[in-house]
Amino acid sequence: MRLLHTSDWHLGRSFHRVDMLGAQAAFVTHLVTTVREHAVDAVVVAGDVYDRAVPPLAAVELFDDALHRLAGLGVPTVMISGNHDSARRLGVGAGLIGRAGIHLRTEPSACGTPVVLADTFGDVALYGLPYLEPALVKGEFGVAKAGHETVLAAAMERVRADLATRPAGTRSVVLAHAFVTGGEPSDSERDITVGGVAAVPAGVFDGVDYVALGHLHGCQTLTDRIRYSGSPLPYSFSETAHRKTMWLVDLGADGSVTAERVDCPVPRALARLRGTLEELLADPELTRHEDAWVEATLTDAVRPADPMARLLERFPHTLSLAFDPERAPDDPEVSYAKRLAGRSDQQIAEDFVAHVRGAGPDTSEQGVLRDAFDAARVDETVREAAR
């Protein structure tokens, strides 16, 4: 069986104020073409179809167009909700849409109920595990501790229990939206840290033939059987080195996996440039970036006059301009943003406590801070989904 694995479309998202809807529409066309030209048997979409719980109308219309075109090919599609999606909204009409071969899996309670497809070698069971917000689904899975690993492990127990009831030789595919240990994140993914832990071990997915992951925006292979497709388009300059692709996965008669990458059309290359303004304007090595979307970081000791206007003369698609004068780390002029770069909310809060009272929080106080951040994030998720 040949699968096309994709995820993280983020329909409705812009890139530094650049409307990406046209590029997203081009991706949908490319997806449909790939399905047709490569004789794909099923499409799997591992979450974050939309960029937010209440997407703009144009994004909904593009999604509707994608569903119609995939259904028109007669190729089954299985998709799950991600942490950016509203599971309830995405799942509206799932029963009816399923009759057209588009299978939306947004309910945690259905983790152990697969979409069963067949090829000449027998059945393939595809299990959709939507993004599982631990605090909201721990009751469903009967776990005492709300953590990503515990709820995913419980969901996978349901998968393995169902698989054990199926005919010998049934192959299995799991779609999941999570941060799995070994994955490389970028700046454009929303933080899903719970209790100070974001990642789950790959061993949670033992016992299945292929795991189609979503959430991280870089295409990557954790094992031969566990892969992220990444987002089809860039959504931050941290993705400058990404090659945007989908996975074309062949699932053999014995459950063996072979996979190759299919490139996605990207509207413009990304470039991160750093140096003084005069260096960026004069360096002949930067000619290749003149048609790229550019993030420029100026290192001038004194902020130059009209830097953006001057940059735009050479790099007309400059979207981001930052200033980072070369200074010693202990220089009092080092920016607050630079001092906080790479630090989590928890670390920043602990540093604040230490600054205010002269000593950092003890273990119990760290737990209070962690619980507060978790509660705030869950509350935001609930309020967004309820809008």
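What comes next is a walk through the structure. This structure is a prediction, so every number in the text was calculated from the model and none was measured.

Description of the sheet that holds strand 19 (residues 318-323)
A sheet is described by the order of its strands in space; here three strands give the open sequence 17-18-19, paired in parallel fashion. Pairing within the sheet leaves two strands with one partner each, and these edge strands are strand 17 (270-275) and strand 19. Sheet twist, expressed as the average angle between the axes of neighbouring strands with direction ignored, equals 15 degrees. Each of strand 18 (293-298) and strand 19 touches helix 8 (residues 307-314); the most contacted strand, strand 19, lies at about 135 degrees to it.

A look at the nonpolar core
Formed by 31 residues in total, the largest nonpolar core has its most connected members in Leu129, Phe141, Leu152, Met156, Val174, Phe205 and Leu213. For this core, the elements supplying multiple residues, two or more each, are strand 8 (122-129), helix 5 (134-141), helix 6 (148-164), strand 9 (171-177), strand 10 (179-180), strand 12 (210-214) and strand 14 (226-228). Here this core takes seven residues from helix 6, the largest share from any one element. Residue contacts for valine 174: discarding those within four places in its chain leaves Tyr127, Leu129, Met156, Val159, Phe205, Val208, Tyr210, Val211 and Ala212. In this structure, Trp9, Phe27, Val40 and Leu70 belong to the second largest nonpolar core, which totals 28 residues.

Focus: the state of the cysteines
Considering all chains together, one arrives at zero disulfides under this definition. Here cysteine 219 stays free of any disulfide, with the sulfur of cysteine 264 as its closest cysteine sulfur at 8.9 Å. On the accessibility criterion, cysteine 264 (8% relative accessible area) is buried.

Let's talk about unusual backbone geometry
The phi angle at aspartate 8 is positive, at roughly 55 degrees, despite the residue not being glycine. Inspection of the secondary structure puts aspartate 8 in the loop between strand 1 (2-6) and strand 2 (14-15). Its identity as a non-glycine residue notwithstanding, histidine 215 has a phi of 125 degrees, on the positive side. In this structure, histidine 215 sits in the loop between strand 12 and strand 13 (220-223). Under the relative-accessibility criterion, histidine 215 is labelled buried at 3%.

Considerations on empty space enclosed by the protein
Counting across every chain of the model gives one cavity of 30 Å³ or more. What lines the largest cavity is simply Pro130, Tyr131, Leu132, His148, Leu152, His177 and Ala178. Residue composition of the lining of the largest cavity, grouped by class: five nonpolar, two polar and no charged.

Describing the environment of glycine 367
Note that glycine 367 resides in helix 11 (residues 363-386). Taking relative accessible area as the criterion, glycine 367 reaches 16% and is therefore assigned buried. Residues glycine 367 and glutamine 346, spaced 21 residues apart in sequence, show a C-alpha to C-alpha distance of 9.9 Å.

Describing helix 6
Relative to the 24 Å expected for 17 residues at 1.5 Å per residue, helix 6 spans 24 Å between its end C-alpha atoms, a close match to the ideal helical length. Taken residue by residue, helix 6 has His148, Val151, Leu152, Ala154, Ala155, Met156, Val159, Asp162 and Leu163 as its buried positions. Along its buried surface, helix 6 packs onto strand 8, helix 5, strand 9 and strand 11 (199-200).

What counts, and where the lines are drawn
- Residues numbered from 1 in each chain as written.
- Predicted model: local features only at pLDDT ≥ 70, side-chain atom pairs only at ≥ 80, totals over all residues.
- Heavy atoms only, no water.
- Pairing = 2+ DSSP bridges.
- Helix = DSSP H or I, 4+ residues; strand = E, 2+ residues; numbered from the N terminus.
- Axes fitted to C-alpha atoms, helices over the stretch in contact; angles between N-to-C directions.
- Contact = heavy atoms within 4.5 Å.
- Core = buried A, V, L, I, M, F, W, Y, C linked by side-chain atoms within 4.5 Å.
- Buried < 20%, exposed > 50% of the residue type's maximum accessible area, 1.4 Å probe, protein only.
- Disulfide = S-S within 2.5 Å.
- 1 Å grid on protein atoms, 1.4 Å probe; cavity = no way out; pocket = protein on both sides within 12 Å on 5 of 7 lines; lining within 4 Å.
- Points joined across faces, edges and corners; volume = space filled by probe spheres on them.
- Nonpolar A, V, L, I, M, F, W, Y, C, P; charged D, E, K, R; others polar.
- Expected span 1.5 Å × (residues − 1).

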